[in-house]
Amino acid sequence: MYVMSAPELIRIVSRSSPMALAQVERVRTELAALHPGVRTEVLPVTTSGDRWMGDLAQLGGKGAFTKEVDAALLAGEADLAVHCVKDVPADRPLPQGTTFAAFLKRDDIRDALIHPDGLTLDQLPAGSRIGTSSVRRIAQLAASHPHLTCVPMRGNAGRRLQKLAAGEADALMLAVSGLERIDSMHLVSDVLSVETMCPPIGAGILALQCREDDTDTIDLVSGLGDRDAWREATAERMFLHVLQGHCNSPIAGYARCDASGDLSLRARVFTPDGKRVLNAHEWAGPLDPATLGTSVAVSLLRQGARELIDSIAH
């Protein structure tokens, strides 16, 4: 049992959206169960990515959702940051002086469709408008359901649901894990298989980030980590790092630890119109997760992924 020499108060910084704060509550609950003597308080910050409703590339990509959170951690205003791994850029290192202390047990990685009349994706009539700004979803829908139209829609899940109700789209596509966190699964009309809609890198995994020199907090929260989630996240993030994908790159993939502990990684790179799709799927065997991620990325690079990614403006 860990003997606590750390401060009894852990200050947690997070994005201020309802979903992000629900994620923090999961961390607080798990931390309280592991270390009942520890108190926590939450520092919510509104990131530039949350404020900006335009193209994320104009803000420098996904880092727009983490920059202010990282700054609060590095300034010593907070001891722990909670991130969705899918929002943490992998094409560059974590901010100097910070590290991931734990990856929590993975949630559902699939996407869901919300249609007011309960239609499934395959039942949607031609011309139906799907609310999403995700280049990953847009490319895959263009490939599999070219008769549907995607309309740009950003903002937190609650705001997107309001836009759907206002008639700005006919249906919405959102992550199952996020809908579960805000208790909105009753709205879902169709849960899409990973074959139908390959997830983003890091889907469904929460990461706990600390300052590298704060060994007390690292020791305190590392017990929340899940080994399978760590292996899967490590493989996926190395894959994305080697590819040097940016926020306008339609890249999808997921690693999976099976019951025997064997690790695999399936990944795909698309053109934005979905007309060209590169596929790779490998098992780690004796390879460590980072080597698996590298190997899958190299397989896609051999198929022309570099040219495909570099041809997309960002």
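Nothing here was measured: the structure is a model prediction, and the numbers come from that model. (Residues numbered from 1 in each chain as written. Predicted model: local features only at pLDDT ≥ 70, side-chain atom pairs only at ≥ 80, totals over all residues. Heavy atoms only, no water.)

A. Region of interest: the overall build of the protein. Along its length, the protein carries 10 helices and 13 strands. For the protein, the spread of C-alpha atoms along the principal axes amounts to about 60 × 45 × 40 Å. The buried share of the protein, taken over its 314 residues, is 52%. When contacts within the protein are restricted to residue pairs at least 6 apart in sequence, those whose partners lie at least 24 apart make up 70%. About 13600 Å² of surface is accessible on the protein, with carbon and sulfur atoms providing 52% of the total. Where the 32 positive side-chain charges of the protein centre and where its 39 negative ones centre are 4 Å apart. (Helix = DSSP H or I, 4+ residues; strand = E, 2+ residues; numbered from the N terminus. Buried < 20%, exposed > 50% of the residue type's maximum accessible area, 1.4 Å probe, protein only. Contact = heavy atoms within 4.5 Å. Areas by Shrake-Rupley, 256 points an atom, 1.4 Å probe, with all protein chains shown as cover. Lys, Arg positive; Asp, Glu negative; His and termini not counted. Charge placed at Lys NZ, Arg CZ, Asp CG, Glu CD.)

B. Looking closely at the side chain of Asp111. As for its position among the elements, Asp111 is in strand S5 (residues 111-114). When its relative accessible area of 1% is taken as the criterion, Asp111 is described as buried. One polar contact links Asp111 to Arg137, side chain to side chain, over a distance of 2.7 Å. (Polar contact = N/O pair within 3.5 Å; in protein donor to acceptor, adjacent residues only side chain to side chain.)

C. Spotlight on the pattern of salt bridges. Considering all chains together, one arrives at 17 salt bridges under this definition. As a salt-bridge pair, Arg28 and Glu25 come within 3.1 Å of each other at their nearest N and O atoms. Residue Arg28 and its partner Glu25 are both found in helix H1 (residues 18-34); the two are separated by 3 residues, about one turn of the helix. With a shortest N-O distance of 2.9 Å, Arg106 and Glu236 are connected by a salt bridge. You can see Arg106 sitting in the loop between strand S4 (98-103) and S5 and its partner Glu236 sitting in helix H8 (residues 227-243), a full 130 residues away along the chain. Of the two residues, Arg106 and Glu236, neither departs from the other in class, the shared state being buried. Members of the salt-bridge network, linked through shared partners, are Arg11, Asp79, Arg211 and Asp214. (Salt bridge = Lys/Arg side-chain N within 4 Å of Asp/Glu carboxyl O.)

D. Focus on the sheet that holds strand S3 (residues 80-84). What the 5 strands build is an open sheet, ordered S2-S1-S3-S10-S4; its pairing is mixed. Looking at the sheet topology across the chains shown, the edges are occupied by strand S2 (39-45) and S4. Geometrically, the sheet is characterised by an average inter-axis angle of 30° between neighbouring strands, direction not taken into account. Two elements, strand S1 (residues 9-15) and S3, share 2 bridges in a ladder whose sense is parallel. Each bridged residue has a counterpart across the sheet, and for Val13 the counterpart in S3 is Ala81. (Pairing = 2+ DSSP bridges. Axes fitted to C-alpha atoms, helices over the stretch in contact; angles between N-to-C directions.)

E. Looking closely at the sheet that holds strand S13 (residues 277-283). Spatial ordering of the open sheet is given by S11-S12-S13, a layout of 3 strands whose pairing is antiparallel. Of all the strands in the sheet, the pair left with one neighbour each is strand S11 (251-257) and S13. Each neighbouring strand pair of the sheet contributes to a mean axis angle of 5°, computed without reference to strand direction. Pairing geometry for S11 and strand S12 (residues 263-270), over 7 bridges, is antiparallel. Bridge assignment links Ala255 to a residue of S12, and that residue is Leu265.

The analysis is restricted to geometry; functional conclusions fall outside its scope.
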